[in-house]
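Single-letter residue listing:
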Amino acid sequence: MTFIPYSCQDISEEDIDAVVAVLRSPFLTQGPMVPEFEERFSSMHRARHGIAVTNATAALHVACLALGAGPGMTVWTSPNSFVASANCARYCGAKIDFVDIDPVTRNMSVSHLTEKLEKAEKNGNLPGIVIPVDFSGFPCDMQEIRALADQYGFKILSDSSHAVGASYLGEPVGRMADISVFSFHPVKIITTGEGGICLTDNEMLAEKMRLIRSHGITRDPSAMSGELDGPWCYEQVTLGFNYRLTDIQAALGTSQIAGHDRRAATRSALATRYDRRLAGLPLKLPARSGDRASAHHLYVIEVDTVRGESKRLEVFESLRSENIGVNVHYIPIHLQPDYRRLGFAAGDFPASERYYKRALSIPLFATMSEDQQDRVIEALTRALN
Ligand SMILES: *Cc1c(COP(=O)(O)O)cnc(C)c1O
């Protein structure tokens, strides 16, 4: 039996041709393809500015810096995410803390956020930035989070790494955040190999992020402070990095956007098919809501408990033995050794820990066939009996 991964890329002949065309062109980087990709991706999500970078981890770093993260600031995120959602604050010297999840959506819980904000206001340690994560591609309760941001004065950095093409209240995901970030790693919705992007409607934030992406260097005379020595002149006006995406990657990304609708339709049909076929099993299935559409990056089931013990390990091993690439998303970030060292401990965020004990990601990707999906469903049914 061939191996079925939990996720994988879908590369078309058009994608390959687009990449080859760049390889034959004068610019492998800093050419016309990066601005074109930024333009396409931001208009797809109805954002005014897109700043493409080397990966979403860099995107989160750049966004945190642009939003003013640094020593003395606290940043909050969800424990149910990839470590990068929290690490970005630490790169800037900011303090990191977490808000527990809603067990239904598996996203940051608005009631926990509200409670924690009330307490923080009394203690004088309100966060400067909150990073909600659209886990599995299911959009967060952003309307409520936006209202809290306006009330308490924090910025919203949406980690929408899973949520390319998702929508919320009839609009593309990320519209209510100050900055939203997406990942183009091959397991995600569209890919550039490695890659990420920051979207914003705010011109000043966009300008800051463009500077930080490329060494903090400007070639715009109006942004320079000193006398120009000559037309060759550039100035480093802040400390930045080299986080640039290449034109080779941007061409792949642009071509992937062109094929996105077809791939999204396949993912959505497969997710609906899982919903129907798994409904009778002792499992908790992903949330659905009429006011938002998931990008269906991950299909996460929760294995019910028998006498207080989840059969998750048994089911995981059984599916792996049948060459089905199940996975677990995520080990709560605060339980990682490097976070325990900061003082976090088991029991700090019980909903995310309880979810983690039962969670299992089963295969879902754009090139998955119904036959492959049937193999997963049958193996899962056997494992649960
Ligand atoms: C994948 C991922 C990232 C990091 O993305 P890279 O592009 O691999 O750096 C950040 N946050 C979440 C939620 C992710 O899933």
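About the cut-offs
Residue indices follow the written sequence of each chain, beginning from 1 at its first position. Owing to the predicted nature of the model, reporting of local features is limited to residues with pLDDT of at least 70; listing and counting of side-chain atom pairs is limited to 80 or more, with chain, interface and lining totals taken over all residues. Only hydrogens and water are set aside when side-chain values are computed; all heavy atoms of the structure are taken into account. For salt bridges, the criterion is a side-chain nitrogen of Lys or Arg within 4 Å of an Asp or Glu carboxyl oxygen. The numbering of helices and of strands both runs from the N terminus, where a helix is a DSSP run of H or I of at least 4 residues and a strand a run of E of at least 2. Side-chain rings of Phe, Tyr and Trp, where Trp is taken by its six-membered ring, are said to pair if the distance between their centres is within 6.5 Å; with planes under 30 degrees apart they count as stacked, over 60 as edge-to-face, and otherwise as tilted. We call a residue buried when its accessible area falls under 20% of the maximum for its residue type, exposed when it is over 50%, and partly exposed in between, using a 1.4 Å probe and counting protein chains only. Think of it as a cone above the ring: NZ of Lys or CZ of Arg counts as a charge over the ring if it is within 6 Å of the ring centre and within 35 degrees of the ring normal. Note on pairing: two strands pair once DSSP finds at least 2 bridges between them. By definition, the crossover connecting two strands over a helix is right-handed if that path, from the first strand to the second, turns clockwise as seen with the strands pointing away from the viewer. We define proximity as follows: a residue is near a molecule or strand when any one of its heavy atoms falls within 4 Å of that partner. Nitrogen and oxygen atoms within 3.5 Å of one another constitute a polar contact, given that in protein one can donate a hydrogen and the other can accept it, and given that sequence-neighbouring residues count only through two side-chain atoms. Here the nonpolar group is Ala, Val, Leu, Ile, Met, Phe, Trp, Tyr, Cys and Pro; Asp, Glu, Lys and Arg are the charged ones; every other residue, Gly included, is treated as polar. Confidence of the prediction at every residue is given by pLDDT, a number between 0 and 100. In this description, contact between two residues means that some pair of their heavy atoms is separated by no more than 4.5 Å. As a rule, the C-alpha atoms of each element are fitted with a line to give its axis, helices using only the stretch in contact, and angles between N-to-C directions run from 0 to 180 degrees. Should an angle fall under 35 degrees it is called roughly parallel, over 145 degrees roughly antiparallel, and 65 to 115 degrees roughly perpendicular, with every other angle called oblique.

Attention now moves to the pattern of salt bridges. The tally for this structure, following the rule as stated, stands at 24 salt bridges. Close ionic contact of D178 with R146 constitutes a salt bridge, the shortest N to O distance being 3.6 Å. Of this pair, D178 sits in the loop between β7 (171–172) and β8 (179–183) while R146 is found in helix α6 (residues 142–152), placing the two residues 32 residues apart along the sequence.

Another point: the packing of aromatic side chains. The full count for this structure, using the stated rule, is 13 aromatic pairs. Their ring planes at 70 degrees and their centres at 5.1 Å tell us that F41 and F182 sit as a pair that is edge-to-face. Of this pair, F41 sits in helix α2 (residues 33–44) while F182 is found in strand β8, placing the two residues 141 residues apart along the sequence. Each member of the pair F41 and F182 is classed as buried. Between Y274 and Y299, the aromatic rings sit 4.7 Å apart at their centres with planes inclined by 35 degrees, giving tilted as the arrangement. One end of the pair, Y274, is in helix α9 (residues 260–278); the other, Y299, is in strand β14 (residues 299–303), and 25 residues separate them in sequence. Classification of Y274 as buried rests on a relative accessible area of 0%. Of the aromatic side chains, those joined through ring pairs into one cluster are F37, F41, F182 and F184. Taking NZ or CZ as reference, R90 lies 4.6 Å from the ring centre of Y339, over its face. Against the face of W76 rests K116, its NZ or CZ located 5.3 Å from the ring centre.

This brings us to the sheet that holds strand β13 (residues 292–293). What holds strands together in a sheet is hydrogen bonding between their backbones, with the strands either parallel or antiparallel. Strand order in the open sheet formed by three strands is β7-β6-β13, and the pairing between neighbours is antiparallel. Each edge of the sheet is formed by a strand with only one pairing partner; in this case those strands are β7 and β13. In the sheet, strand β6 (residues 167–168) pairs with β13 via two bridges, with the strands oriented antiparallel. Along β13, the bridge assignment pairs Y168 with R292.

Our focus in this paragraph is the pairing of strand β2 (residues 74–77). Strand residues, when the strand is regular, have side chains that alternate between the two faces of the sheet. Neither face of β2 is open: one carries T74 and W76, the other V75 and T77, and all of them are buried. As defined by bridge partners, β2 adjoins strand β3 (residues 95–98) across four bridges and the pair is classed as parallel. Across the sheet, the residue bridging to T74 is K95, located in β3. Handedness of the crossover joining β2 and β3 through helix α4 (residues 84–91): right-handed. Examined bridge by bridge, β2 and strand β4 (residues 129–131) share three bridges and lie parallel to one another. Along β4, the bridge assignment pairs W76 with V130.

In the vicinity of the ligand, 15 residues are found, and the nearest of them are T57, D159, H162, S183 and K188. Take D159: an N or O atom from its side chain is 2.7 Å from a nitrogen atom of the ligand. Contacts to the ligand include H162, whose side-chain N or O atom sits 2.6 Å from an oxygen atom. Looking at the shell around the ligand, the elements that each hand over two or more residues are α3 (56–66) and α4. In terms of residue class, the shell around the ligand is built from five nonpolar, eight polar and two charged.

Before going further, it helps to examine the confidence of the model for the chain. Residues at a pLDDT of 70 or more form 99% of the chain, whose mean pLDDT is 96. Taken element by element, the chain is modelled with least confidence in strand β15 (residues 305–306), mean pLDDT 72, and with most confidence in β4, mean pLDDT 99.

Turning our eyes to something else, we now look at α4. Of all eight residues in α4, six are buried; the element is thus mostly enclosed. Among all positions of α4, only A84, S85, A86, N87, C88 and A89 are buried.

In this structure, I101 sits in the loop between β3 and α5 (110–123). Counting along the chain gives 23 residues from I101 to S78, while the straight-line C-alpha distance between them is 6.8 Å. Non-local contacts of I101, meaning those with residues more than four positions away in its chain, are made with S78, P79, N80, R106, N107, M108, S109, H112, A351, S352 and Y355.

Attention now goes to the packing of α5 against α6. The N-to-C vectors of α5 and α6 enclose an angle of 10 degrees; their axes lie 10 Å apart at closest approach. On the basis of the axis angle, α5 is roughly parallel to α6. Contacts between α5 and α6 involve V110, L113, T114, L117, E118 and E121 on the former and, on the latter, E144, I145, L148 and Y152. Along the lines of polarity and charge, the residues of the contact of α5 with α6 split into six nonpolar, one polar and three charged.

Let us look at the sheet that holds strand β9 (residues 196–200). The seven strands are arranged β1-β9-β8-β5-β4-β2-β3 in an open sheet whose pairing can be described as mixed. Here the strands that pair on one side only, and so sit at the sheet edges, are β1 (49–53) and β3. Strand after strand, the sheet turns through a mean of 20 degrees between neighbouring axes, direction not considered. Relative to strand β5 (residues 155–159), β4 runs parallel, the two being bridged by two bridges. Paired with V130 across the two strands is I156, which belongs to β5. Across the sheet, α5 lies against β2 and β3, angled at about 165 degrees from β2, the strand it touches most. Strands in contact with helix α7 (residues 203–213) are β1, β8 and β9; relative to β1, the strand with the most contacts, it is inclined by about 15 degrees.

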